[in-house]
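# Residue-level structural notes
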Amino acid sequence: MYDPRLETFLCVADNGSFNKAAEVLYISPPAVIKQINGLEKSLGFSLFLRTHRGLFLTAAGASLAEDARYVIQYSNCLLYSSDAA
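My aim in this report is to walk through the structure given alongside it, one point at a time. (Residues numbered from 1 in each chain as written. Predicted model: local features only at pLDDT ≥ 70, side-chain atom pairs only at ≥ 80, totals over all residues. Heavy atoms only, no water.)

### Considerations on the overall build of the protein chain
For clarity, the cut-off: Helix and strand definitions follow DSSP, with helices as H or I runs of at least four residues and strands as E runs of at least two, each counted in order from the N terminus. Only protein chains enter the area calculation, which uses a 1.4 Å probe; residues under 20% of their type maximum are buried, those over 50% are exposed, and those in between are partly exposed. Contacts between residues were defined by any pair of non-hydrogen atoms, one from each residue, lying within 4.5 Å. For the accessible areas, the method is Shrake-Rupley and the probe is 1.4 Å, while residue cover comes only from the protein chains on display. Positive charges are assigned to Lys and Arg, negative charges to Asp and Glu, while His and the chain termini are left out of the count. Charged groups are reduced to one reference atom each: NZ for lysine, CZ for arginine, CG for aspartic acid, CD for glutamic acid.
Looking only at helices and strands, the protein chain has four helices and two strands in total. When the elements of the protein chain are put in sequence order from the N terminus, they spell out α-α-α-β-β-α. In terms of overall dimensions, the protein chain has C-alpha extents of about 50 × 25 × 20 Å along its principal axes. Looking at the protein chain as a whole, 29% of its 85 residues qualify as buried. Considering only contacts in the protein chain between residues 6 or more positions apart, those separated by 24 or more positions represent 47%. By element, 58% of the accessible surface of the protein chain is carried by carbon and sulfur atoms, the whole surface being about 5800 Å². Within the protein chain, the 8 negative side-chain charges are centred at a point lying 12 Å from the centre of the 7 positive side-chain charges.

Structure (structure tokens):
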């Protein structure tokens, strides 16, 4: 199921940083962190390994990233397809 927090998750995964993702998304770093923490809590597992050198996807996070890209792409196709009208 599509969850808007997936887009934030992918942005963090692609940028390797809450701060960089916040800049790209034009929201504050605490807002990004809150979304990721909420997503992790609802899923019941960690998506990132947080270190002093940055963020790294866990195995579960890498799997979700792959699936999330598909879900977002599929959702966009359904919403913006001329055949859907």
